[in-house]
Each structure stands twice: as structure tokens, then as C-alpha cells.
Amino acid sequence: MVAFKFAHTLPSALCFALTASVAIATSAAAPDPATLRKISALSVPFVPNAGQWNERAAFAAQTFAGTLFVTQQGELVYSLPGKPITPGADLADGNVGADSAARETPSRRLQRPAERTPGWVLSETLVDATGKPRSMSQSTLKAPAGYRPMEGKVSYGIGNNPAKHADNLNTYERVNLGDMYPGINVQLRATGNNVEKIFTVAPQHDPKQIRIKLAGADKLEIGPQGELIAHTGNGPVAFTAPIAFQDTAAGERTSIAVAYALNATEQRYGFTLGAYDVNQPLVIDPLLQSTYLGGTGDEVVTALAIHHATGEVYIAGYTDSADLPSVTVASGGVGLGAQSVKSTGTDAFVTRFNAALTSRLQSTYLGGTGTDVPQALAIHPATGDIYIAGYTDSTDLPSVTVASGGVGLGAQSVKSTGSDAFVTRFSAALTSRLQSTYLGGTGSDAALALAIQPATGDIYIAGYTDSTDLPSVTVTSGGLSLGAQSVKSTGSDAFVTRFNAALTSRLQSTYLGGTGSDYARALAIHPASGEVLIAGDTNSIDLPSVTVASGGVGLGAQIVKSTGVDAFVTRLNGALTSRLQSTYLGGTGNDYPQALAIHPATGEVLIAGYTDSTDLPSVTVASGGLSLGAQSVKSAGIDAFVTRFNGALTQRLQSTYLGGTGSDAALALAIHPATGEVLIAGFTDSTDLPSVTVASGGLSLGAQSVKSTGRDAFVTRFNGTLTSRLQSTYLGGTGLDDARALAIHPATGEVVIAGFTSSTDLPGVTVASGGVGLGAQSVKSTSYDAFVTKFSFDLVAGDFVPNAFAFAPRLNVPLRSVQTSDAAQITGVSGNVPVSITGGNFAEFCISSGPNCGCDVQPFTSTTASINNNQYVCVRQVAPASTPAQIKTTLVVGGGWANFLVTTGLEITSCNLDIDGSGGAPNPVSDGLMLVRAMLGFTGLAVTNGAIVGTPPRNTWALIRTYLNDNCGTSFLP
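## Digging into the overall build of the protein chain
Reasoning step 1: On a plain count of helices and strands, the protein chain comes out with 6 helices and 56 strands.
Reasoning step 2: Each of the 974 residues in the protein chain was classed as buried or not, and the buried ones make up 58%.

Now the structure itself:
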């Protein structure tokens, strides 16, 4: 989609015609700026010509910047306002020119300024390769057609001529021009200050057919953000940078590099595209997207998850808005959420968006007569059910399967004293609340984290408690099967509790605490062992930190607490009956972890948070200065940090700070399933937060490389070892912006963050400076709103995704030998695209202008660099020291990646064609079917539908693709 962003404004009273189809300005008072901002983002209806305008016009849309006419032949005419106008000077009276005063009311005419600059007209015409106009006679529709009817109707009464009168005309969200070129559909959409042209290219058709003649400009040029600028006598008019994507049948989205191709001499432009699948439809439309979510009160997002099969985005948080959208259709009452009416106090909410963030599919409240605050969200990998956990003081929180009955009580259906933790389960559509349960004793109890065991479906929550009688046994009435720590210590203790998937049985609880206060803030379950890991903060000097609680065997990475508050990580068995290991992490200041993740390939444990310790360990070996982290010195204020442990928690492998001259905090953490790269998100006050690929240079600026006023959200990407910071980006407007949650799409690698904002100008569009691709809610409500934003994987302003590239594996190599891959040519990118490397053994890469890996451009490097289109890259690493063994290095180029596998055996020993990981010999019906589909180029549900039964470890294409690419030498695409 290409959007035309008007740089002009009409007198403010025109906005009344946009808020209601029959409204007429009755007062000279102008709307306030906030009202104008809201109206400018609304869809403006296209109105058909029923005789009220000149016969050349087929449709018209009135924007703030003037009138857009769509002619009967499919030409776009932009009538931009200027000086005072005499009646009868535009299409309304037969002349393609300036505004018309014939349809003005007297009060409207009085609002015009005494003097204005001359009006201006721009027109766009679709043309062929010779510059000859394409007419509607060549289209599949033969005439412009209204598309997606809107609710309002419009009536016109222009002058005393009945021929200029029209009553109850239908209005449309879009105008469809049909296939104006063979296989290329063109549609138009208008908003308050934009006009969008949406091109959809059918499979096996050439997008280079698209050529547009722009008449009426003094000069055309490409701007610094890729926008097309038309210079006029009234100043520049900008057409925002184009963006393209492809959607698969499974709903997975792949971004395509695209830019304007300008012929300034002929005043024509088209598009140049990177590589894409010619067998799938191509849409020139949004990639990155933001959306608000809010009502008349405050909304705060605390959690985020992406559905593994559909790519739909779910957020959870809390609100005091009674008018939060809670229905499938925003303007209707169809498809009500599980709880469509807000209770008293603060309520929890859950909202579901489509993958593009352009549609809000469903919202639901959850609340009773007290305060209800969710802190965590997870999606069941087998059923798709949605779970949230948090804390509540409502005694009437729904806790039964059927909301109006007493059937199917939750594990604890009666609230205890103080605040209680809670867990609630919804259907994936959010239209049914399937179960709720309290968890609490005689003190205050709060759940801050939630995870689902992928094999058993059991639900785990973690948090803190003041209750000495928190249930900690399998059978609540007995003393059998005590938890790892069945007696509460002094102060607040951390806790972990395990429920069955139905939330009808509490299977086990355990305390974790010493003589101080201990809080669990993050939770993860090891995908292979089922072990449970929690992270939090403590001031207990006697927190258990050894493998055997009563002994000194198997000491943790840091067994002595530092001053102030320290972070901690603890590892428990899946039954919660044994504490396997604990470790502190801290310096001389305070250290607060907020997030935890387990590396899907190595099993390493990573935590992220914020610290004011200047001596937080930041080296591989705690007593040395080797292998410094990406930022080994703390900046002013508080800094974000990330730390990496081995899976046993007996070694701290690496730490790094992230911060500038202000305060910086990481509140969320995710690991890319394919590359192993580490991403964090949070908030920052620093104007100098690193936002470039190379810290000392200006290459590959982040999607938003300059901080806005107030506090900004941020996202930063590190390599897997935390020794290189690959990219950072701000996200913010003129208010306060705070990211609280982060997720990575398992198939596309797109990065999604969520939080809350007071900015009315948070980028709600694909391109931060334009109005393309409005989000599901593009206008901020009062006070604080929730927000969700999607970035490309590499976090840069343009999505640089190369064509697929691969490295052949090296088999049966000598032990400890240096192995160099074949050269892979990088194509389908534009400009300098960042390159980085992760994993491997002394892994390096080299960029060359030729295919011989002669590295005549630069030597091998283990840090980061950039590559241009058609250059070559190769990887080298040191082979394993034993046999049979395998080492994997992942090379990341922009938004794409490939693995280089080196094994000392005759085969890749970890490749087992049990595709779904169900165990035993490969099944020729299920495993074989999935492999054949993948080899044929299928993706998503097309691979797994009908072939996976039950809940094996690998039940999605994203998991299967990662497994095959990592272990079997394949290079299957998302």
C-alpha cells in the first residue's frame, strides 16, 4: 500500500462532515487539536456520484487536505485548497480545479480566512510502459466500484438545481478499480489526512507493470525515509514509503523489500521489489504496525503472547474503562467476550488482534467487585486455550466452568483473606471463560508469572506470598508429597504452584525463601527435562544455593549474596518436590530481574532486568577480564542488564549492561528460536541509548533512532553470547511510553512488544512518519492507553530480508579442525544490511565480492558488519573436540539467517526423522507426510494439518522447521 500524506490543512470546521454523514457546521468554533488528531485518523467514506458533481467524477472523499475525486476512468484528482474561491470551480461544476463554494453553508463560508495562497491540483494516472494511460475499459470491473459499505449515508443539496441534489447515498470504505493491469488489483482507501493505494499482485504476474504518472508537481524526488515528494507551489506533498508482504494460506506473513522506482524526467514512478515467491499473491501494503487499545479510563498491558498456529496476538492487562471494546465487531454487539461488562474497581482484560494488528478480533473483561490485576499470559500449545494469572481482592471472581452455576469448581473456589493469586482459562476466541481458581492462604498472595508444561499441559504459576498456610502438598488435606520447601520462612516468600490444565486440581505448591523477603517474578519450563526455573529478587542471605539443600555440593554460580537486593535464579524438578539449584546474581547495588528465558537449543538460562550495581559481573570468567559483555561498564542512573547461565546454574557465562545517560530498565526478554539471538524490551530516559548496528557508527539505524520527549519504550537485540549488541530502537511519542512485554513470532521472526502510553502520536502506522496501514485503533483514548507494536526481526527502519541462502554441512571432519563454509551470495536486499554471527566454536564470518571466499573486501570478523546486494559471505568455525559431535553456527543477515553445521561423525547424529518428536521410529503416515509437504515448499498448517495427533513436543511448523534446519542440514523457509 502506498499512502499519500497531505502536507496541507483545510479550515477546521470541515471536520464536522467527517464525524457524521449528515452533519452540517453550525458554529464558527473550531475543534480542539486533540479532536482534530482523532478525526484525522478515521476512515473517510467514499461517496458515489449521483448527479451532485460533474459526470467525470465517479466517487469523492473529503479529507482535511481537500477533496479526492476518482474519475470514471480511474484517475485520482487531488484538489488542494488555496485562496478564497469563487463558486463553481471544481468537478462539482464541471471544472477539475480548486474548491467549490457552491455546497457551503453561510456559516462555513464565514470561517474562511481573508486570504489564502492559490489552490493546487495533483493527479495520478495509471499508465503502461510507453506512458499511455490505462483506462477503466481495460479493467476487469469496467467502472470504479464501491467496496466494503460503511454504515452512514450522505445527502447533498447543492444550490437550487434539483439535478445537484442527492439523498441517502451509500458510502464505502474503499473504491475498487479492479485489475487495472493483468493480474494486478488496485483499491483506494481514504482517512482524514491520507489516501492509500493498495496493489495486489496475483501469482505469476509482474508488479513492474505498475507505473503511475503524477501530474501537477513542479518536481519529484525521493526523500530520506524513502518517501516520494511532490514539490508544488504550496509546498511539498509526501507519498509515504511503500511496503510489501505476502501471506500464506496459514496466515503467516513474509515481508518483501520494496522501494519507489522514480523516473523524475517523465514524472512517473513504479516499484522495485526484492525477491518474493511468485507463486503467492503479493500485496504492497503495511509490514510494521502499531495500535492503541483503550477506553475513557486507563489501560496498562502486563503480558503478551502470539498464537503458535494463527499468529494472532493476545495481550492482557488491567483497566478502569467501562467502554473498552469487548465485542468481535467494534461497532456492534455480535460475538460478546466472555465478560462484556466491566465490574467495579479495576478489572483484568484480555484482547485478541489479528497478526497484522489491523483488526481487534475480541476483548473480554475479567473481574469481580474488587481489584483484579493480571500479570502473566500463556497459550496452551495443544488446545489453544488462553490462561492469565495475577492477583485479586474480589471475593466473587468467576471460579466455575459455567459462569452462572456451581458446576466444575476451580481448585480453590473460595477466596482467602488479603489478596489472593488467581488463574483463569478462556477459549481461544475469548468468548467463553472456561475456569477460574483462587490460590491463597491467610496472608496476601500474588501470581506474577505463568507457564504451561508443553508435554503434560500442567499450569505453573509463581509469585510471592505472606501466607504461612499456602497449600504445599499434592492432597490438600494431608501431609504427603511435601513441596521442595513446605514451610514458609520469615518475610515474604517466593512460591511456585502447579495445577492441572482444567484448573480443577492443585497438584503441588512449594515455598522458596530465606530469612529476608523473596519475590519470584519470572518463570519458565525446560522444554526437554520439564524442570521449572524461576527468577526474582531477594534480600535473604540464606537463600538455598546448593544442589542438596543441606550440603555444600554443587554450588551455584554465586553462592554469597552481595549488598542490597540481589537477583536469584532457582531450578526445581517438574513435580516441585525437589530444589535442584539456586544462585544469586548481584553487585554492591540493587539488582532486580524481571524476565527469564531458556535457550531452546543449548538449555542455557538467561535473565534480564535492571540494576544500579556498577560491579555486576560482566565477564565470562568471574575472576577475569576475558570476553567482556556487549556493554561492560554501567552508565548513569539505573541500567538494564542481561545475564546468561549454564543450564545447571553452576556457571555464570556472561553478563552485559545496556544503558545511556538516563535510566534504562529491561522488563521483557525473548530468545529467537532460529538464531538464538537475545532481545529485550523495556523503558528508557536515555537520549543516547545505542541504536545502531555498530555501536561506534551510524549504519543501520533502528526503526526509531531518535528518542522522543518523556520516557520511551525500547527494544534491543544481542547476539546469543551477549558479547555484541546488534541493534536497538526507540518507540515513543510526545508522552510517556513503557514496554512491558515482548514476543517473537515463531514463524516469521517478527518482534511484537506491548505496554502502555500517554502519547497521542505514538506511531500507529507502518512507516513512523506516515499514515499508512492504520492499526486496529489508531486514535488514542483519554489518559493512558495500552499499545501493541510490531517490528521486523532486525529492528531497522526498513525490513531487509534477503533471498533464502544456505551453507552445506561439513561431515566427518577432523577433530578441532578449522572448517570454512562455501560462499553464499546475498541477494534481494538494498543498502547496507547488518550481518552478525552467533553460536559455533570460535565462529567468524567473511564478506567477499567474489564466490571464492577470498575475503578481498574485509577479513574474517567475529563481531558485526554490513553487506550489500550480490556480495558473498562465508562462515568458519572450529570442529568439535570429540566424535561423534556437532557444532552449529548461525549467520544472521538482516531479517534472514542460515546455519553452518560441522560434525565429526559420518552423519548428522542429531537428525532423527521422527518429525513431530513423539518418540520411537518415524511414522511413515504422519512424519513422512510432513517431510514430503515441507520438501514441496509447504509451510505452516499446510505441513501439520492431519499429520499431528495429540501433543508431541513439535506440533507446529515453526518448531518442526527449526528442528530440521538445526539438525538435518535443511534450509526450510518460514
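## Here we look at the pairing of strand E27 (residues 386-392)
Reasoning step 1: For E27, the buried fraction is high: 6 of the 7 residues fall into the buried class.
Reasoning step 2: Pairing between strand E26 (residues 372-379) and E27: 7 bridges, direction antiparallel. Bridging from a neighbouring strand, Ile 379 pairs with Ile 386 of E27.
Reasoning step 3: Here E26 folds back onto E27, and the loop between the two strands holds 6 residues, one of which, Gly 384, carries a positive phi near 80°.
Reasoning step 4: In the sheet, E27 pairs with strand E28 (residues 420-426) via 7 bridges, with the strands oriented antiparallel.

## Quick look at the sheet that holds strand E39 (residues 605-611)
Reasoning step 1: On the basis of which strands lie adjacent, the open sheet formed by 4 strands has the order E38-E39-E40-E41 and antiparallel pairing. Edge positions in the sheet fall to strand E38 (591-598) and strand E41 (652-658), since each has one partner strand and no second. If you compare each strand with its neighbour and ignore which way they point, the axes differ by 20° on average.
Reasoning step 2: Bridge analysis of E38 against E39 gives 7 bridges, and the strand direction is antiparallel. What sits directly across from Asp 591, in E39, is Thr 611.

## Observations concerning the packing of aromatic side chains
Reasoning step 1: In the structure shown here, the tally under the stated rule is 11 aromatic pairs.
Reasoning step 2: Its guanidinium or amino end placed over the ring of Phe 683, Arg 711 lies 3.8 Å from that ring's centre, counting from NZ or CZ.
Reasoning step 3: It is Arg 954 that lies over the ring of Tyr 963; its NZ or CZ is 3.7 Å from the centre.

## Some remarks on helix H4 (residues 926-935)
Reasoning step 1: When we look at burial in H4, the residues that qualify are Ser 926, Asp 927, Met 930, Arg 933 and Ala 934. Burial along H4 is one-sided: seen end-on, the buried residues are contained in an arc of 130°.
Reasoning step 2: Taken together, the buried residues of H4 touch helix H5 (941-944) and helix H6 (957-967).
Reasoning step 3: Looking one or two residues past H4, Gly 937 carries a phi angle of roughly 95°, positive in sign.

## Structural notes on the nonpolar core
Reasoning step 1: Grouped together as the largest cluster of nonpolar side chains are 42 residues, with contacts concentrated most on Phe 46, Tyr 78, Leu 177, Phe 199, Leu 214, Phe 239 and Tyr 269.
Reasoning step 2: The biggest single contributor to this core is strand E9 (residues 165-181), with 5 residues.
Reasoning step 3: Counting 22 residues, the second largest nonpolar core, distinct from the first, contains Val 813, Ala 843, Ala 879 and Val 893.

## A short note on the environment of Arg 954
Reasoning step 1: As for its placement among the helices and strands, Arg 954 is situated in the loop between H5 and H6.
Reasoning step 2: Of the residues examined, Arg 954 reaches a relative accessible area of 17% and is grouped as buried.
Reasoning step 3: Other than its neighbours up to four places away in sequence, Arg 954 contacts Asp 914, Ile 915, Asp 916, Gly 917, Ile 948, Leu 959, Ile 960 and Tyr 963.
Reasoning step 4: Of note is the side chain of Arg 954, whose polar atom sits 2.9 Å from the backbone oxygen of Ile 915.

## Looking at the pattern of salt bridges
Reasoning step 1: Tallied over the full model, the rule gives 16 salt bridges.
Reasoning step 2: The partner of Asp 685 in a salt bridge is Arg 711, and the shortest N-O contact between them spans 3.8 Å. With Asp 685 in the loop between strand E43 (678-684) and strand E44 (712-718) and Arg 711 in the loop between E43 and E44, this pair connects stretches of sequence that are 26 residues apart.
Reasoning step 3: A single network of salt bridges, built from pairs that share partners, joins Asp 685, Arg 711, Asp 738 and Arg 740.

## Overview of the sheet that holds E43
Reasoning step 1: Pairing in this open sheet of 4 strands is antiparallel, and the strands run E42-E43-E44-E45 from one edge to the other. Because the sheet does not close on itself, it has two edges, and the strands there are strand E42 (664-671) and strand E45 (725-731). Put simply, the sheet's adjacent strands are angled 20° from each other on average, direction ignored.
Reasoning step 2: Two strands pair when backbone bridges link them, and E44 and E45 are joined in this way by 6 bridges, in the antiparallel orientation. Paired with Thr 716 across the two strands is Ser 728, which belongs to E45.

## Re the side chain of His 672
Reasoning step 1: If you trace the backbone, His 672 turns up in the loop between E42 and E43.
Reasoning step 2: A polar atom in the side chain of His 672 sits 3.3 Å from the backbone nitrogen of Thr 675.
Reasoning step 3: Contacts of His 672, omitting those with residues within four sequence positions, involve Glu 677, Ile 744, Gly 749, Phe 793 and Trp 897.

## Thoughts on a nonpolar patch on the surface
Reasoning step 1: Taken together, the side chains of Val 932, Leu 936 and Phe 938 define a hydrophobic patch exposed on the protein surface, amounting to about 300 Å² of accessible area.
Reasoning step 2: Look at Phe 938 and you get partly exposed, because its relative accessible area is 39%.

## Digging into the pairing of E28
Reasoning step 1: For E28, a buried count of 7 out of 7 residues is recorded, marking the element as mostly surrounded by other parts of the structure.
Reasoning step 2: Burial along E28 is two-sided: the residues Asp 420, Phe 422, Thr 424 and Phe 426 and Ala 421, Val 423 and Arg 425 are all buried.
Reasoning step 3: Across 6 bridges, E28 lies against strand E29 (residues 433-439) in antiparallel orientation. When the bridges of E29 are listed, Phe 426 appears paired with Arg 433.
Reasoning step 4: In this structure, the hairpin formed by E28 and E29 is closed by a connection of 6 residues, where Leu 430 is found at a positive phi of approximately 65°.

## Examining unusual backbone geometry
Glycine aside, residues mostly have negative phi, and peptide bonds are mostly found in the trans state.
Reasoning step 1: Geometrically, the link from Thr 883 to Pro 884 is a cis peptide bond, its omega value of -10° lying close to zero.
Reasoning step 2: Positionally, Pro 884 belongs in the loop between strand E54 (872-878) and strand E55 (886-893).
Reasoning step 3: Its identity is not glycine, yet Leu 503 carries a phi of approximately 65°, on the positive side.
Reasoning step 4: Mapped onto the fold, Leu 503 is located in the loop between strand E32 (493-499) and strand E33 (506-512).
Reasoning step 5: Judged by its relative accessible area of 0%, Leu 503 is buried.
Reasoning step 6: One non-glycine residue, Leu 576, lies in the positive phi region at around 65°.

## What about the confidence of the model for the protein chain?
Reasoning step 1: Residues at a pLDDT of 70 or more form 73% of the protein chain, whose mean pLDDT is 75.
Reasoning step 2: Contacts from residues 1-41, a stretch scored under 50 in pLDDT, to residues over four places away or in other chains number 117 contacts.
Reasoning step 3: Low confidence marks residues 474-480, where pLDDT is under 50. Its contacts with residues over four positions away, or in another chain, come to 9 contacts.

## Overview of the side chain of Thr 570
Reasoning step 1: Its location among the elements puts Thr 570 in strand E36 (residues 566-572).
Reasoning step 2: Within the structure, Thr 570 has its side chain in polar contact with the side chain of Ser 582 (distance 2.7 Å).
Reasoning step 3: Those residues in contact with Thr 570 that sit more than four places away from it in its chain are Leu 512, Val 532, Leu 533, Ile 534, Arg 579, Gln 581, Ser 582 and Leu 649.

## Concerning the environment of Ala 535
Reasoning step 1: Relative to the helices and strands, Ala 535 is located in strand E35 (residues 532-538).
Reasoning step 2: When its relative accessible area of 1% is taken as the criterion, Ala 535 is described as buried.
Reasoning step 3: Each C-alpha atom of the pair Ala 535 and Arg 571 lies 9.1 Å from the other, and the pair is 36 residues apart in sequence.
Reasoning step 4: Once residues within four sequence positions are removed from consideration, Ala 535 is found in contact with Tyr 519, Ala 520, Arg 521, Ala 522, Phe 568, Val 569, Pro 593, Leu 596 and Ile 607.

## Here's the deal with H6
Working note: α-helix, 3.6 residues per turn, so residues spaced by three or four point in the same direction.
Reasoning step 1: Within H6, 10 of the 11 residues are buried, leaving the element largely enclosed by the surrounding structure.
Reasoning step 2: Among all positions in H6, only Trp 957, Ala 958, Ile 960, Arg 961, Thr 962, Tyr 963, Leu 964, Asn 965, Asp 966 and Asn 967 are buried.
Reasoning step 3: Residues of H6 that are buried make contact with E55, strand E56 (896-903), H4 and H5.

Conventions we followed
Residues numbered from 1 in each chain as written. Predicted model: local features only at pLDDT ≥ 70, side-chain atom pairs only at ≥ 80, totals over all residues. Heavy atoms only, no water. Helix = DSSP H or I, 4+ residues; strand = E, 2+ residues; numbered from the N terminus. Buried < 20%, exposed > 50% of the residue type's maximum accessible area, 1.4 Å probe, protein only. Pairing = 2+ DSSP bridges. Axes fitted to C-alpha atoms, helices over the stretch in contact; angles between N-to-C directions. Phe/Tyr/Trp six-rings, centres within 6.5 Å; stacked < 30°, edge-to-face > 60°. Lys NZ or Arg CZ within 6 Å of the ring centre and 35° of its normal. Arc of directions from axis to C-beta. Contact = heavy atoms within 4.5 Å. Core = buried A, V, L, I, M, F, W, Y, C linked by side-chain atoms within 4.5 Å. Polar contact = N/O pair within 3.5 Å; in protein donor to acceptor, adjacent residues only side chain to side chain. Salt bridge = Lys/Arg side-chain N within 4 Å of Asp/Glu carboxyl O. Patch = residues over 30% accessible without salt bridge, like charges linked within 9 Å, V, L, I, M, F, W, Y side chains within 5 Å. Areas by Shrake-Rupley, 256 points an atom, 1.4 Å probe, with all protein chains shown as cover. pLDDT = per-residue confidence, 0-100.

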